[in-house]
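Structure assessment
Below are the chains, spelled out letter by letter.
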Amino acid sequence: VTFSDDNSRVIAELPTGERVEVLLYGATVISWKDASGDEKLWLSEAAKLDGSKAVRGGIPLVFPVFGSVPDHLKTKDLPQHGFARTSRWEFLGKSTSESLEGETTNDPSVKLDFGLSSGAPGLDPKAAAHWPYKFNLIYSVTLNRESLTTNILATNDDSQSFECHVLLHTYLRVNDITAVSVTGLGGAQYVDKVDSAKTKTQPTEGPLTITGETDRVYTPAENTVTVSEGSTEKYRVTRDKFSNVVVWNPWIDKAEGLADFAPKDGYRQMLCIEPGTVDSWQTVEAGDALAGAQTISLVG
Ligand code: BG6
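Per an unreviewed UniProt entry, the protein is named Glucose-6-phosphate 1-epimerase, and its organism is Dichotomopilus funicola. Reading the Function (unreviewed entry) entry of the UniProt record for the protein gives the comment "Catalyzes the interconversion between the alpha and beta anomers from at least three hexose 6-phosphate sugars (Glc6P, Gal6P, and Man6P)."

Examining the site of the ligand
Around the ligand, the structure places Ala54, Gly67, Gln80, His81, His169, Lys193, Asp215, Val246, Trp248 and Glu274. Tallied by class, the residues present in the shell around the ligand amount to 3 nonpolar, 4 polar and 3 charged.

Quick word on the nonpolar core
Ranked by internal contacts, the top residues of the largest apolar core, which has 79 residues, are Ala154, Leu172, Val247, Leu271 and Ile273. In terms of residue count, strand S20 (residues 270-284) provides more of this core than any other element does, 6 residues in total. The residues contacting Ala154, other than those within four sequence positions of it, are Phe63, Phe135, Leu137, Cys164, Val166, Val284, Ala289 and Leu290.

Some remarks on the confidence of the model for the protein
Residue-level pLDDT values for the protein average 93, and 94% of them are 70 or greater. ipTM for the predicted complex: 0.98, alongside a pTM of 0.96.

So, the UniProt feature "binding site: substrate" (unreviewed entry) in the protein
In the numbering used here, UniProt assigns the "binding site: substrate" (unreviewed entry) feature to Arg56, Gln80 and Arg85. Across 30 residues of sequence, these annotated residues stay compact in space, with a maximum C-alpha separation of 13.3 Å. Relative to the helices and strands, Gln80 resides in the loop between strand S5 (61-62) and strand S6 (90-96). Exposure remark for Gln80: the 12 C-beta atoms within 10 Å place this residue in the exposed category.

Cut-offs and rules
- Residues numbered from 1 in each chain as written.
- Predicted model: local features only at pLDDT ≥ 70, side-chain atom pairs only at ≥ 80, totals over all residues.
- UniProt positions renumbered as here; feature names shortened; annotations may be inferred.
- Near = placed C-beta within 6 Å.
- Nonpolar A, V, L, I, M, F, W, Y, C, P; charged D, E, K, R; others polar.
- Core = buried A, V, L, I, M, F, W, Y, C linked by C-beta atoms within 7 Å.
- Buried ≥ 20, exposed ≤ 12 C-beta atoms within 10 Å, placed from the backbone.
- Helix = DSSP H or I, 4+ residues; strand = E, 2+ residues; numbered from the N terminus.
- Contact = placed C-beta atoms within 7 Å.
- pLDDT = per-residue confidence, 0-100.

Set out below in structure tokens:
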């Protein structure tokens, strides 16, 4: 585990060469490479990594509100997707599978822990003013040879309950979006955020292909979504304690309108598969905690 020279990020590498890079701003995973150096996440060439704006790409963390919900009193004044992705997190430390003697096991792994709590100096000032609760977030990023797991634990340290959404806004890298198909959504209901006329739940049939702007909140029965390119399975995204998966691709016009989205045809190389719980408010009672995780496994 190393730090960048400017202390802005934590980099962990397995003895076998796999590598992950996490920006302290947002605890945003901005790069995940396999042993051959092949990048698995999409990161915009125009993404701001200096803490001036949420990162366009990688794995931004959405908490405590998904999108913006104008009629929800406690979150309506927060930035879109909340403040977790716009706060500077603290690096809490690492644990590895290596023995104390330093011998490597056959299955090396490294876990990086990050924390953000009410009152922390890195907290987005907009949050401090608009989220009146005492809370503690622990975010763990575990790199294995064939997978990446990210796990969020949100603890309510207040004397009253709060309501929240949680989501892992993962930008998966693909070679060609027109060859991509997504399974594991079959039969699931979804809310279509693109076509507001259809913002009722729609049933899904068969694998999903992406042929235009896509922004859907699914509630699948299965807990694994598989992303394939052509006939090759590429990623398996397994959810733990999350009921939704958002599938997002901005396509041509929307990408054009996003200042930090580059190159403009980059929508062809990405697909957001976002595990979370966002279709209803999760109530976290005083002293209680809420947990959820995703594991992205490499296949094919
Ligand atoms: C997705 C939402 O999760 O995030 C979309 O469903 C939204 O509606 C997208 O456009 C990107 O959001 P942002 O705030 O990062 O531009």
